[in-house]
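Fold and geometry: a report
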Amino acid sequence: MTRPAARGGSRASADRLARLLNLVPYLLARPGIEIAEAAGDLGVTERQLREDLELLWVCGLPGYGPGDLIDMAFDGDRVTITYDAGIDRPLRLTPDEAVALVVALRMLAETPGVANREAIERALAKIEDAAGDLVGAPVAVRLPGDTRRVEALRAAVEGGKALRITYYTAARDETTERVVDPLRMLMVGGRAYVEAWCRRAEAVRLFRADRIDAITELDEPATVPPQAVPHDLTEGVFRPSPDLPLITLRIGRGERWITEYYPCERVEAGDGDEWLVSLRVTDLGWARRFVLGLGPDVTVVAPVELAEQVRATAAAALDAYAVPAAVPRRAPADSVPVGVPAGDPAVPARTQ
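The structure displayed is predicted, hence computed values, not measured ones.

The rules we used
Residues numbered from 1 in each chain as written. Predicted model: local features only at pLDDT ≥ 70, side-chain atom pairs only at ≥ 80, totals over all residues. Heavy atoms only, no water. Helix = DSSP H or I, 4+ residues; strand = E, 2+ residues; numbered from the N terminus. Buried < 20%, exposed > 50% of the residue type's maximum accessible area, 1.4 Å probe, protein only. Contact = heavy atoms within 4.5 Å. Areas by Shrake-Rupley, 256 points an atom, 1.4 Å probe, with all protein chains shown as cover. Pairing = 2+ DSSP bridges. Patch = residues over 30% accessible without salt bridge, like charges linked within 9 Å, V, L, I, M, F, W, Y side chains within 5 Å. Salt bridge = Lys/Arg side-chain N within 4 Å of Asp/Glu carboxyl O. Axes fitted to C-alpha atoms, helices over the stretch in contact; angles between N-to-C directions. pLDDT = per-residue confidence, 0-100. Phe/Tyr/Trp six-rings, centres within 6.5 Å; stacked < 30°, edge-to-face > 60°.

Regarding the overall build of the protein
Check the secondary structure of the protein and you find 9 helices and 12 strands. Counting the 352 residues in the protein, one finds 30% classified as buried. Long-range contacts, defined as pairs at least 24 residues apart, comprise 57% of the intrachain contacts of the protein with a sequence gap of at least 6. Total accessible area on the protein stands at roughly 22,100 Å², and carbon and sulfur atoms take up 54% of it.

Structure follows, in structure tokens:
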């Protein structure tokens, strides 16, 4: 069994959802349009469009009976929406929907790196005003982590100031001091990052906000060189490449979450419930700590160097917890063993 990484599938699903949401109003405005023409306008193949239309047939209102689902008519290679399941009616929110939308917009407004926060605030004000009593009490949203640190980073980015930071690098298990020129704030995978030109590395680097131990805003402005290009993070922070170490693990059923959380190059069924999983890592030091934290249902298959590192670290940990063997104490020279009466001939006299 070989499976592609989960991230690619999630991206394709998100793209298809956006396409389906646009497809119904597009077809409503163009009754009887040819499928080939519609596919060209929407930037998909005719086959993909026909698959989307087949999916629309099972979309609609709760109840999902014949009178609740979107319906359409085909005339040769032409298609017409005959029932839109109310998609053309103004949206009316239930209390739960209104609160969920307000929370989502509040979260978006708090997310670092959002360019047009004013537009979000305006949209939020309109929704809260229209929802009226549906929303009820004001909703306050705060991102997890150190809010003051994130705000300090955001202010530095917006103010165009250079920063001196003390940063912990988990991959190397070390803390360093750097001067950086911030480019932008962003949120990836629920964590806040500042992307900046690092003068020490002379390259663009991502710094996790919760790993920055100290921040000092410098008087000098941020000076970003022309070669500083922001990273493409559409597929996440970690971008596996062929030059990175490849590790192979044998995992049990309880550790299959690895294949959903990390981009895996290969997933194969092994004996029984076991899977063989191969993935790229930043370095073997990170991989050693990663494997040690997984538990007994994981075995390192390759490389041998990683297996030896894990074995040595585990043995050292066991040695630290080992109970030393009891060492018999020597009795003082003038002492008498318990149970032997004084003066017994079996007890030698002390040498003066």
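Having seen the model, we can carry on.
Brief notes about the pairing of strand β4 (residues 161-169)
Where β4 and strand β8 (residues 212-221) come together, 6 bridges link them in antiparallel fashion. Looking at β8, one finds that T166 is bridged to A214. Where β4 and strand β5 (residues 174-188) come together, 7 bridges link them in antiparallel fashion. Bridging from a neighbouring strand, Y168 pairs with T175 of β5.

Concerning a nonpolar patch on the surface
A contiguous nonpolar patch, built from W57, V58 and F74 and spanning about 290 Å² of accessible area, is present on the exposed surface. One can find W57 in the loop between α3 (46-56) and β2 (71-75). Assessed through its relative accessible area of 35%, W57 is described here as partly exposed.

A short note on the sheet that holds β8
Spatially, the 5 strands line up as an open sheet ordered β7-β6-β5-β4-β8, and their pairing is antiparallel. Each having just a single partner strand, β7 (203-208) and β8 make up the two edges of the open sheet. The sheet shows a mean angle of 45 degrees between the axes of neighbouring strands, taken without regard to direction.

Let's talk about the pattern of salt bridges
In the structure shown here, the tally under the stated rule is 13 salt bridges. Within the structure, one salt-bridge network assembled from shared partners comprises D181, R199 and E220.

Quick word on the confidence of the model for the protein
Looking at the protein, pLDDT values average 76 and 73% of them are 70 or higher. When pLDDT is averaged over each element of the protein, strand β1 (residues 33-34) comes out on top at 92 and helix α1 (residues 6-28) at the bottom at 70. Between residues 335-352, whose pLDDT stays under 50, and residues either more than four places distant or in other chains, the model counts 4 contacts.

A word on the packing of aromatic side chains
According to the stated counting rule, one finds 5 aromatic pairs in the structure shown. Consider the rings of Y262 and W286, whose centres lie 6.1 Å apart with planes at 70 degrees: the pair is edge-to-face. Highlighted residues: Y262 in the loop between α7 (258-261) and β10 (264-269) and W286 in helix α8 (residues 284-292), separated in sequence by 24 residues. A centroid spacing of 4.9 Å and a plane angle of 10 degrees characterise the contact between W286 and F290, whose relative ring orientation is stacked. Taken together, the residues W286 and F290, both in helix α8 and 4 residues apart, mark about one turn of the helix. Among the aromatic side chains, those forming a connected cluster through ring pairs are W257, Y262, W286 and F290.

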